[in-house]
Amino acid sequence: KFVDDNGKVSEAEGLALLLQAAKGLAAAHAKGLVHRDIKPENMLLGNDHVLRLVDFGLVMESASTTQLTATGACLGTPMYMSPEQADGEHADARTDLYSLGVTFFRVFTGQPPFSSPTVMNLLFKHKFEAPPALGERVSPVTAQIIFKLLAKKREERYQTCKELNAD
């Protein structure tokens, strides 16, 4: 809503919001929790301009072997879902970081990197298609951060929010 209401968000403002979101995720991850449904609707921006992560309804302990779904099933919002979630694989902190990348791609461009009228095609795009270029909307450094968050293989993403925050 903030992005929609204000039109284009400046790069500096978007990065400040990304940093706040990453710090919130870092706190959850430090407690061993994986959110599994990071998306704009689960980030509330208060009048004090503090970003808060909400809706921990799909949260799981990162060390847990217990699943809320049957093997091969997935939980989350397809528009923001990581490739491994699309495959029903175990979620970890890097899963949240992918979804954070999708969210902030939308913050900087006004649209998510992938869209499709069908869920299956959308999940296919998350798994196999490269995200579109950010163009001149952000600096090359910011684009590099977003694309590292959107890496298809979790081993190629930031491994922790601390790494992201450093960049």
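Procedures and definitions
- Residues numbered from 1 in each chain as written.
- Predicted model: local features only at pLDDT ≥ 70, side-chain atom pairs only at ≥ 80, totals over all residues.
- Heavy atoms only, no water.
- Buried < 20%, exposed > 50% of the residue type's maximum accessible area, 1.4 Å probe, protein only.
- Helix = DSSP H or I, 4+ residues; strand = E, 2+ residues; numbered from the N terminus.
- Arc of directions from axis to C-beta.
- Contact = heavy atoms within 4.5 Å.
- Core = buried A, V, L, I, M, F, W, Y, C linked by side-chain atoms within 4.5 Å.
- pLDDT = per-residue confidence, 0-100.

**Examining helix α6 (residues 140–149)**
Okay, step 1: Of the residues making up α6, those classed as buried are Thr142, Ala143, Ile145, Ile146 and Leu149. Down the axis of α6, the buried set is contained in an arc of 160 degrees. They therefore lie on one face. Residues of α6 that are exposed and angled more than 90 degrees away from the buried face: Pro140, Val141 and Gln144.
Okay, step 2: In the core, the buried residues of α6 are packed alongside α2 (11–30), α4 (93–109) and α7 (161–166).

**Remarks on the nonpolar core**
Okay, step 1: Formed by 32 residues in total, the largest nonpolar core has its most connected members in Met43, Leu100, Phe104, Ile146 and Leu164.
Okay, step 2: For this core, the elements supplying multiple residues, two or more each, are α2, β3 (51–53), α4, α6 and α7.
Okay, step 3: For this core, the element with the most residues is α4, which contributes eight residues.
Okay, step 4: Once residues within four sequence positions are removed from consideration, Phe104 is found in contact with Gly14, Leu17, Leu18, Ala21, Met43 and Ile146.

**Description of the confidence of the model for the protein chain**
Okay, step 1: Residues with a pLDDT of 70 or more make up 87% of the protein chain, whose mean pLDDT is 87.
Okay, step 2: In the model of the protein chain, strand β4 (residues 60–61) stands out as the element of lowest mean pLDDT, 48, in contrast to α6, which has the highest, 97.
Okay, step 3: With pLDDT under 50 throughout, residues 63–74 is counted as low confidence; its partners more than four residues away or in other chains account for 11 contacts.

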